[in-house]
Amino acid sequence: MEIDALKEKAKQVRRDIVQMVYDAKCGHPGGSLSAVELLCSLYYNAAKVNPTNPKDESRDRIIYSKGHACPVLYAILGDLGFFPKSEFKNFRKLGGLLQGHSDITVPGVEMSAGSLGMGLSFAHGMALARDLNKKNHYVYAFLGDGECQEGQVWEAAMTAGHMKTQNLIAIIDRNQIQNDDFVKKTKSLCSFTEKWKSFNWHTIKVEDGHDFEEILSALEEAKKLDGPVAIIANTKKGYGVSFMELNPKFHGMAPSDEEFKTAMEELK
């Protein structure tokens, strides 16, 4: 998909995110909005997925670890045709397909996400299984920066770095906010890039995680490197909606009626 088409797709995905959360009157808009360009780059360009056969053995595996921010994932999977977009109306509703945390009952979702920090371990296990089965697909792990305070993330990073696991790419949505405050105030990640390097990971820094050209270049570079790769992308939580941007309030809050109107006007 060309850059201009990706930009239009990103607007559509943002509208779907805001609509889903507004209709449900709950959900996590901030961390969904920050991940739009990263996930659009992955699903529409860089990764191999198959909506008509979600369990295609040759597919790339995308492990979405920050599963509370699932509206962005659902918006993209629905747009690709993994399930009907009419399901968006049932987000977080009893009997609906789309739960409040991403779940493997949803076609295209590779891991049920609950507690944060599990995705990298899961992704590394899938990469090891792939190698045992002599396959060659990529495994991507999509993490938030707040969840990188979890010890399990670093256990997985240490193991993958030690084993020099191939075709394993972690993408970190460095959106600066976790739950109800800024990451640096809650528990600073300090020299974040250097941490990944010290665990024997190649690191690629994306200065603007909302710039498609920079993201796509990073994904292309990551595929050329030996061993595990961490793409660290600077983003803004709530990006694309002025009053949500870098506002901890919208980590897990739906917009009011007036806020909804404003957001949808901005996303035209």
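Please refer to the structure placed before this passage.
Residues numbered from 1 in each chain as written. Predicted model: local features only at pLDDT ≥ 70, side-chain atom pairs only at ≥ 80, totals over all residues. Heavy atoms only, no water.

**Q** If you had to explain empty space enclosed by the protein to someone new, which residues and values would you point to?
**A** Applying the stated criterion across every chain, the model contains 3 cavities of 30 Å³ or more. Tyr43, Val49, Asn50, Pro54, Arg59, Asp60, Ile62, Phe82, Gly108 and Glu110 are the residues that line the largest cavity. Looking at the lining of the largest cavity residue by residue, the class counts come to 5 nonpolar, 2 polar and 3 charged. Quantified by volume, the second largest cavity comes out at close to 40 Å³. It is helix α9 (residues 212-222) that provides the largest number of residues to the lining of the second largest cavity, a total of 3 residues. In the lining of the second largest cavity, the residues fall into 7 nonpolar, no polar and no charged. (1 Å grid on protein atoms, 1.4 Å probe; cavity = no way out; pocket = protein on both sides within 12 Å on 5 of 7 lines; lining within 4 Å. Points joined across faces, edges and corners; volume = space filled by probe spheres on them. Nonpolar A, V, L, I, M, F, W, Y, C, P; charged D, E, K, R; others polar. Helix = DSSP H or I, 4+ residues; strand = E, 2+ residues; numbered from the N terminus.)

**Q** Provide a residue-level description of helix α3 (residues 36-46), including the pertinent values.
**A** For α3, a buried count of 10 out of 11 residues is recorded, marking the element as mostly surrounded by other parts of the structure. Those residues of α3 lying buried are Val36, Glu37, Leu38, Leu39, Cys40, Ser41, Leu42, Tyr43, Tyr44 and Ala46. (Buried < 20%, exposed > 50% of the residue type's maximum accessible area, 1.4 Å probe, protein only.)

**Q** Could you give an account of a negative patch on the surface, naming the residues involved and the relevant values?
**A** Taken together, Glu207, Asp208, Asp211 and Glu213 make up a surface patch of like negative charges. Exposure remark for Asp211: the relative accessible area of 30% places this residue in the partly exposed category. (Patch = residues over 30% accessible without salt bridge, like charges linked within 9 Å, V, L, I, M, F, W, Y side chains within 5 Å. Areas by Shrake-Rupley, 256 points an atom, 1.4 Å probe, with all protein chains shown as cover. Salt bridge = Lys/Arg side-chain N within 4 Å of Asp/Glu carboxyl O. Lys, Arg positive; Asp, Glu negative; His and termini not counted. Charge placed at Lys NZ, Arg CZ, Asp CG, Glu CD.)

**Q** Can you lay out the layout of surface pockets for me, pointing to particular residues and giving the numbers?
**A** Within this model, the largest pocket holds a volume of roughly 250 Å³. As for the largest pocket, its lining consists of 16 residues, of which Lys7, Arg14, Glu37, His210 and Tyr239 are closest to the centre. Among the secondary structure elements, those contributing two or more residues to the lining of the largest pocket are α1 (3-24) and α9. A per-element tally of the lining of the largest pocket places α1 first, with 5 residues. For the lining of the largest pocket, a count of residues per class yields 5 nonpolar, 2 polar and 9 charged. The calculated volume of the second largest pocket comes to roughly 210 Å³. What lines the second largest pocket is a set of 15 residues, and nearest its centre among them are His68, Leu116, Gly146, Gln178 and His251.

**Q** Go over the sheet that holds strand β7 (residues 229-234), please, and point to the residues and values.
**A** Pairing within the open sheet is parallel, and its 5 strands lie in the order β1-β2-β3-β7-β6. A strand with exactly one partner marks an edge of an open sheet, and here the two such strands are β1 (61-64) and β6 (202-206). Across the sheet, the mean angle separating the axes of adjacent strands is 20 degrees when strand polarity is ignored. In the sheet, β6 pairs with β7 via 5 bridges, with the strands oriented parallel. Across the sheet, residue Val206 finds its bridge partner in β7, namely Ala233. (Pairing = 2+ DSSP bridges. Axes fitted to C-alpha atoms, helices over the stretch in contact; angles between N-to-C directions.)

**Q** Describe in detail the packing of aromatic side chains, supporting the description with residues and values.
**A** Remark: the centre distance and the inter-plane angle together describe each pair of aromatic rings, the angle taken between the planes. Within the structure shown, the criterion is met by 11 aromatic pairs. Taking the ring centre of Tyr22 as reference, the NZ or CZ of Lys25 above it sits at 3.5 Å. The lysine or arginine in question, Arg174, covers the ring of Phe192, its NZ or CZ lying 4.9 Å from the ring centre. (Phe/Tyr/Trp six-rings, centres within 6.5 Å; stacked < 30°, edge-to-face > 60°. Lys NZ or Arg CZ within 6 Å of the ring centre and 35° of its normal.)

**Q** Lay out the pairing of β7 with the relevant residues and their values.
**A** Most of β7 sits out of view: 5 of its 6 residues are buried. Note: strand β3 (residues 168-174) against β7, 6 bridges, orientation parallel. Bridged to Ile172 within β7 is Ile232.

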